[in-house]
Structures are given as C-alpha cells and as structure tokens.
Amino acid sequence: MADQDVVGNGRAQITQIGSATKAAKARPTWPLYLLFFAVAGAVGATISYGFLAGSLAALGIPDPGRITTVGLPFFRAVGWMLAALSVGSFMFSSFYMAPSIPGNDNSQLVRAKLSVDGHLAARTGAVSALCFGLVALLMIPLVLSDVSGTPFARTLDVASWSLAIEQVATARAWAVVAAIALVVGVAGLFFRSWVSQLPLFMGAIVMVVPLGLEGHSASGGDHDWGTNSYLWHLVFMMVWVGGLMALIAHGRRLGPYLGTGLRRYSNVAFMSVIVMAVSGLINAAIRVEWSDWLTSTYGTILIVKTIGVVVLGLFGWVHRRVTIPQLDSKPALFMRFAIVEMIVMAAITGVAITMGRTPPPPPRNPNLSNMATQLGFDLYEKPSFFNVFTMWRFDVMFGTIAILLTAGYLYGVWRVRCAGGSWSTTRTVFWLLGTLTLLVTMSSGLGMNMGAAYSIHMIVHMILSMVVPLFLALGCPLTLIMKAYASGEPGQPSAHDIVYAYTQSPLLRFVSHPVVNLAQFLFFFYILYLIIPLYEVMISEHAGHLIMNWVFLISGYLYFWEVVGKDPLPVQRPAAIRLAWLVGSMPFHLFAGIYLMQLTTIMGYDFYMSLGLPWELNLLEDQRVGGGIGWASGSFPLGLVFLILFFEWRREDRVIETEYDRRVDAGEDDDFEAYNEMLAQMNTGRYATDDELRKPPSP
C-alpha cells in the first residue's frame, strides 16, 4: 500500500536481526497486499456467486445483476482486509516498534516521536483506513442494489442513499463505518507522535464495530449472545490478520528488532486463536443445529471456516516451535512461512464474509415472541429485590470482560509477589469487588431485565457508572502493571514505561482536568435522559444497549480515577481541591433524578409496550421509581467518595503540619524566625520597620 515508498527503492542495506548481521535488500510490500486482497475478494465472490440463486430465492429478492453479485462480496472481503491492515499497522506502531525516545530515556517516552519504521507503519494504517472508508461508501449502493434487486447503476444516485441508510440496517452500518474510517485515516496522516498511536489503534478497531452489530447475529432469538460473540470474533480477527501483515511489511523493509515484534505478536495471535474458536462456536451453536452442519450451505461454510481456523492455529504452532527459534539464523524462513500463512488467512476471510449473505437454516423456534425478538430471550417472572439474583444469563460481553480483568489483575499480583514485592490486599479486594459486581450485575436478573423496565435500567446504570468504576479505580490497576513489570532497556520501553507514558499524556491531562472530567461525566447522563428520542433509539437496539453500557463504564472510570483513584495522573491535585469539586458537583448529580421523578412523558413507551411482558407494569410509575433510584443510589457512592477524600485531606494536612514542625525545630523556617524576632522587639518596646521585617533572620 503506502509503507514502501521510502525504503522500496532497491538500495542495499545492512540490517541486524537478532545477533545476525547481513547485507540485504529491502523490498516493497504493496504487491503482497494486492495479492492478499485479491485472494480474499476472489474467494468471497466465487462462493457468493455459486450460492447466489439459493440465497435470493430464500429471501424473495430478484437478481440485481452480475456487478452486484460479484462486486458486493469482493469489496466486502477487500474492506475487511483493509480494516485489518489498518488495525495491525497502528498496533505495530504503538507496541511492536520502539519509537525515537529523547536521550533513550524511557521516562521521556511520552515525548517520543515515531521511528522511521513506526512512521511507515502508521502511514500504512492511515492510508488503509482511508481506503476502507472509500470501500464503505461504495458498499452503500451495492447493499441497496442487493436488498432491492435493483441494478447497481441505478443505485449510484446519491439521493437514494439516504433512503438506504434510513431503511436498511446494513447500509446504515457501512455509512457509520465510512465516517469513522475517514476520520481515523485523516488523523493518522497528521499525528506522528508515538503517544497518538494508541488512540489511532483504538479508532481503527472501533471503525469495524458497526459491522459486528448487524447481520444474522443481531437478529432473532439469542441475538444478545450472537452479537456479543461475533464482536469478539471480528475484533480479534482484525488483530490477528492485521498484525501478521504488519510484521511481513516490517520484515520486507528490513526493519530492526523483528524478533521482538514477532514474539509480542505471537502472544496476541495465540490469544486470538482461542477467542475466535470459542466465539465462533458460540455463534454457530446459536444459528445452526448440529444436524444442519452437513446438510445446509450455511453449515458447509461454517465447516470450511472452522477447518481454516484450525489450520491457522497449526501455522502459529509451527511459528512458536520452528520459525521463532531460528529467526536469528534463518530470517527468510519466517518471511516465506508468514506469506503462505497470510494467503491462507486471506482465503478464510473470503469464506467468512459469505456467511453474511447466505441465509442460515430455519431457527429452532420459528414462533419467537416479540420479546425474544427484541431482547433476544423471554422473561417469565416479574423482577423483585430477591429473585433478580436467582435469574442467570451469562453476558458474553461484560461477563467475559469481568473474568479477563480478574485473571489479569491476579496475574499482576502474582508477578509482584514472585519478584519479592508486596501488594496491598485492600486494593486487590476493591478490584475483585468491582469485577464481581460487573459480572453479577450484567449476568443476573438485573442485566436481563435492564431492557424491559426503566427502574431496572436505572439501577444497572448507577452500578455501571458509579459502583463498578469506583471499585476498579480504588484497585489501582496501572500502578500494579508498573510494579509487576520493570522498566525496559534504554530506548526499548516495556509495559511499565508504556503505561507510565500514557498516564502523563496530553490527552489524559486534558480529560482529567476537573472541569472537563465533570462535564463528560454529567454530559452522558443528561444527554441520554433529557433527549427522549435518543433514549428510545438506544433501548430499541442491542447495539444501543452495548453503547450505553460501555459509555457508563468508561465515563465513570475516568471520573473516579481523577477524583479518588491512586493511579498516576499528569497532575496530582490535593485532596482538598478534589473534595471541593465533588461538593460543588453533587447538586448536578442529584438534579437529574429529581427531574425524572417529575417527568410526565413516558420514555420509550412504544418499545416497552411492544415487549408484551407477562406481568402488569405501570410505565409512568416505574419511570418515577427509576428517577428516585437515580437520585438515591447516586448519593451513596458520592457520599463514600466524600468520606474517602475527607480523610485523605486530613492525612495530607497532618503530613504538612509534621513537616512544618520539623522545619521549625530545625530552625529552617524563615517566617517563623522573623515572627519570633518581631515578638522579641515588641517586648523591648521597639517595633521593627517594614524593611527590617523583610530582611532574613540573623544566623
């Protein structure tokens, strides 16, 4: 693509890979990119074209013509590969390649610029994101042509795009993808500091998320499990495929420290195999009966894809056993093997995209209730204070995150203890309380009934934004990481240095300012409930529920991290200042609850009525109860924070007083000595002049 213009001129270079030094010649990677894209697109187009007649007949749609028939799966596959390349390139510039650190001092990592190789990787990520955005725009008329049976040429009229975006979920998803991708691509062309690469990497991941929120997984029964598992699958596929393409590019341009990048990628690839296998099985179990695996087109595609993932897992095993140990002596072996692996990955990607256009077998229960269609499952019992904890439906998204956060934290504690260090048991308890609360809240009857009753929604909102983040912030996870990992060699930052650098970043300095932090925390609360149509849109789609829950968690964590957390921040403000901000903001926290208790318009009325709950629910009264919950439950965590800050303020005062007494006793306080001298002069009947008082005390 765009990462070889500088080094792809055929000149001889001297490159060090591990301990081996040899003359070599840099080679461009863009021909390989085109090969990978062509393989993915050709496989996807061939399979889709072969099964098109059956798919169209099943959906009752006329044939839109060969351009759409071949072009839609081809460009969808190419788009996925471009997105993966963008994700992998930004991941490479963020974590796999050491930047140019001033003076090779790792403590100055926050001021580092990208190295030449990091710059090339970042540029590849930016150009790939821009190309992905253009493909996403092309997909809008292609999708419109596909779902309506209209020839592609007639859907190129931009005026018809608004209709497609409004009425076709897939077209709407591609429009959102295009907007995000173009922003990420433009930003990637201009931001060249190392600290900017992580936000770009996160942006590259976010730009594929809309594709995971539409399709077969987002509709029908169990779509909560289907969508969440598919999101895990899609994100880790991007990381896996894109990371390998970035490594191949780095090796072909003879970049340094290929071994370091390969070892880091190997761990990510191993995790990706596990996540993709588990999430793929969950999704397949929801959509396909075991008997349909061998008797349906959808099942056949699943089998081929599963075999492909197993083959790729074997490639990874060979890397760990053969190519990585011989990287110093036989670097070309890794490159040849990786290129073959990447071709297989591209082919599997082409297979995967055909699943979105192939109708799955009929559902197990063709007579789904409207509640199951809307929520993904049926509710049979009216929630009460006690029975919500007897209901259970594991949340594939947040339940999994809770387990991973628990395991990661305990691993960090284990590393600290193995190194002979100590870690606060209180902090560990706080963290475990946070992850346990997240797991129970989202997987119990609270999470299940969140979408069915406003009062339960408000309880979960308060827990996700005020309880879980407070516990997690008091667990000090970033301090644990910095203690579990030592600083790296000069110029080669480790996890310790990376975490410390981002805690001192300009972006975090801006976000953690009390005014900005309070504003973002209150904004998401007020914008959701004061703009009633927005709330109705958010609760009516599973994607809306996911977005709300993520916003609650992230916004709450940022707020409590600055207010009461012990992790490093760019500016550590005294407890008295933070306490003053908390006291001043408390009326704003509580006002929304009062407003909701007095509101007479029922929010989400049409959606709640469409569920057909098997128990009677007074929506207006339930909404007022929810407002009261928001008012009362918000007071408790804020009151706890108030107490924490008050006692911290008193501790800081005692430290200052103790230091002042020490200085006075040692005769090091000029003001105190001047005051004593003034009193002595007053006792003699003579008052010192202003000039005399300004003079330093006599030795």
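If you're wondering where the values come from, they're calculated on a predicted model, not measured in any experiment. (Residues numbered from 1 in each chain as written. Predicted model: local features only at pLDDT ≥ 70, side-chain atom pairs only at ≥ 80, totals over all residues. Heavy atoms only, no water.)

Trainee: How should the packing of aromatic side chains be read in this particular structure?
Mentor: For any pair of aromatic rings, geometry is given as the distance between the ring centres together with the angle between the planes. Scanning the entire structure with this criterion turns up 19 aromatic pairs. Where F74 meets F75, the ring centres are 5.3 Å apart and the plane angle is 85°; that geometry is what we call edge-to-face. A relative accessible area of 30% places F75 in the partly exposed class. A connected cluster of aromatic rings, assembled from ring pairs, spans F521, Y559 and F560. Seen from the ring of Y485, R415 lies directly overhead, with NZ or CZ sitting 4.0 Å from the centre. Just above the ring of W423 sits the side chain of R427; from NZ or CZ to the centre is 5.2 Å. (Phe/Tyr/Trp six-rings, centres within 6.5 Å; stacked < 30°, edge-to-face > 60°. Buried < 20%, exposed > 50% of the residue type's maximum accessible area, 1.4 Å probe, protein only. Lys NZ or Arg CZ within 6 Å of the ring centre and 35° of its normal.)

Trainee: Explain the nonpolar core to me, please; I cannot follow it from the model alone.
Mentor: Nonpolar side chains tend toward joint burial in soluble globular proteins. Grouped together as the largest cluster of nonpolar side chains are 178 residues, with contacts concentrated most on F132 and Y529. The element contributing the most residues to this core is helix α8 (residues 223–252), with 17 residues. If you count residues domain by domain, this core takes at least three from each of domain 1 (29–357) and domain 2 (370–661). Counting residues in hydrophobic clusters, the runner-up holds eight residues, among them A284, V288, L302 and M355. (Core = buried A, V, L, I, M, F, W, Y, C linked by side-chain atoms within 4.5 Å. Helix = DSSP H or I, 4+ residues; strand = E, 2+ residues; numbered from the N terminus. Domains from an automatic or database assignment.)

Trainee: Hey, could you run me through helix α6 (residues 197–206) in this one?
Mentor: Those residues of α6 not exposed but buried are Q197, L200, F201, G203, A204 and I205. Its buried side turned inward, α6 meets α2 (66–96), α3 (116–148), α5 (169–190), α7 (209–212) and α8. (Contact = heavy atoms within 4.5 Å.)

Trainee: Looking at this structure, I do not really get the packing of helix α20 (residues 514–530) against helix α23 (residues 575–598). What am I missing?
Mentor: Helix-helix packing is described using two parameters, namely the angle between the two axes and the distance between the axes. The contact between α20 and α23 brings their axes to 11 Å, and the two run at 0°. Here α23 runs roughly parallel to α20, going by the angle between their axes. Of the residues in α23, those touching α20 at P514, V515, L518, F521, L522, F525, Y526, Y529 and L530 are W581, S585, F588, H589, F591, A592, Y595 and L596. (Axes fitted to C-alpha atoms, helices over the stretch in contact; angles between N-to-C directions. Parallel < 35°, antiparallel > 145°, perpendicular 65-115°, else oblique.)

Trainee: Sorry, what's going on with the pattern of salt bridges here?
Mentor: Where charged atoms of side chains with opposite charge meet at close range, the side chains can pair. Under the counting rule described, the total for this entry stands at two salt bridges. For D117, the salt bridge goes to R253, with nearest N and O atoms at 3.3 Å. Taken together, the residues D117 in helix α3 and R253 in the loop between α8 and α9 (258–287) connect sequence positions 136 residues apart. When the shortest N-O distance is used, the salt bridge between D224 and R393 registers 2.9 Å. With a gap of 169 residues between them, D224 in helix α8 and R393 in the loop between α12 (370–375) and α13 (398–418) connect regions that are remote in the sequence. (Salt bridge = Lys/Arg side-chain N within 4 Å of Asp/Glu carboxyl O.)

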